[in-house]
Amino acid sequence: RLAGQHTALTNLDVQKFYASIDLERLFCAAEGKLYPARLLLLAFGQYLAVRHILWQGWISGPVFPGRSITAGEGQGTCMAKIALYDCLAWHHEAYGLALTLRQWIDDLCQVGAGTWAFLLEHVPRAVGGLALRLRQEGYDLASKSTISASTMALARALAEAIAQHG
């Protein structure tokens, strides 16, 4: 906080991420980004395989998936990056180094540093814009998303401003 400098960090969690992935959109995005065809086809063979629910000796009829990738599957992390790539690229183009954004599968961490006024102007707009982009792609942010800042007063001000930006 020397010389009026502050930091702010927002941890954004994509709600029900794996279950929200549209497989057709993911396939097209992966193909467009030149993901290796054999790996893509192997992964989609698993995602689209008929499933059954087994519970206390009862077996359901066939379940034909149309959404979701398999959590913990070998290509899952790569698919998560592909699924969110366009949203993250938009954020990088819009905010560049002013507000950096990192992805850990379905968790997005945005970090910014600057004056109180700078952070209060840019962080809410960036979070609101990212939330809108995610909704357009079929994702929502979970309510467990958090805000941390160099002062409690800044964290509260950011939370109020983010709430106004959706």
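Summary of the structure given here. (Residues numbered from 1 in each chain as written. Predicted model: local features only at pLDDT ≥ 70, side-chain atom pairs only at ≥ 80, totals over all residues. Heavy atoms only, no water.)

1. Some points on the overall build of the chain
Counting its regular elements, the chain contains 6 helices and 6 strands. Counted from the first residue to the last, the chain has its helices and strands arranged as β-α-α-α-β-β-α-β-β-α-β-α. Viewed in the frame of its principal axes, the chain has a C-alpha envelope of about 60 × 40 × 25 Å. When the 166 residues of the chain are sorted by exposure, 39% land in the buried category. Considering only contacts in the chain between residues 6 or more positions apart, those separated by 24 or more positions represent 70%. Carbon and sulfur atoms make up 59% of the accessible area of the chain, which amounts to about 9700 Å² in all. (Helix = DSSP H or I, 4+ residues; strand = E, 2+ residues; numbered from the N terminus. Buried < 20%, exposed > 50% of the residue type's maximum accessible area, 1.4 Å probe, protein only. Contact = heavy atoms within 4.5 Å. Areas by Shrake-Rupley, 256 points an atom, 1.4 Å probe, with all protein chains shown as cover.)

2. Thoughts on a nonpolar patch on the surface
Nonpolar side chains collect at one region of the surface, where Ile-53, Trp-55, Trp-58 and Val-63 lie side by side and expose about 450 Å² of accessible area between them. In this fold, Trp-55 is placed in strand E2 (residues 54–55). Residue classification places Trp-55 among the exposed residues on the basis of a relative accessible area of 55%. (Patch = residues over 30% accessible without salt bridge, like charges linked within 9 Å, V, L, I, M, F, W, Y side chains within 5 Å. Salt bridge = Lys/Arg side-chain N within 4 Å of Asp/Glu carboxyl O.)

3. Notes on helix H4 (residues 76–95)
An ideal rise of 1.5 Å per residue puts 28 Å on 20 residues; H4 measures up with 27 Å between its terminal C-alpha atoms. Roughly 55° is the biggest bend found in H4, and it falls at Tyr-85. For H4, the complete set of buried residues consists of Gly-76, Met-79, Ala-80, Ile-82, Ala-83, Leu-84, Cys-87, Leu-88, His-91 and Tyr-95. Those residues of H4 that are buried are in contact with helix H1 (17–20), helix H2 (23–32), helix H3 (37–47), strand E4 (99–104), strand E5 (107–114) and helix H5 (116–136). A positive phi of about 45° marks Gly-96, the residue just after H4. (Expected span 1.5 Å × (residues − 1). Bend = angle between axes of the 7 residues up to and from the residue.)

4. Considerations on the pairing of strand E1 (residues 6–13)
In terms of strand pairing, E1 meets E5 through 8 bridges, oriented antiparallel. Bridging from a neighbouring strand, Leu-9 pairs with Val-111 of E5. Relative to strand E6 (residues 146–149), E1 runs antiparallel, the two being bridged by 4 bridges. Following the sheet pairing, Ala-8 is matched in E6 by Ala-149. (Pairing = 2+ DSSP bridges.)

5. Observations regarding the packing of aromatic side chains
Applying the stated criterion across every chain yields a total of 5 aromatic pairs. Residues Phe-17 and Tyr-139 carry aromatic rings whose centres are separated by 5.5 Å and whose planes lie at 40° to one another, so their mutual orientation is tilted. One end of the pair, Phe-17, is in helix H1; the other, Tyr-139, is in the loop between H5 and E6, and 122 residues separate them in sequence. An angle of 70° between the planes, with centres 5.3 Å apart, marks the rings of Phe-44 and Tyr-47 as edge-to-face. (Phe/Tyr/Trp six-rings, centres within 6.5 Å; stacked < 30°, edge-to-face > 60°.)

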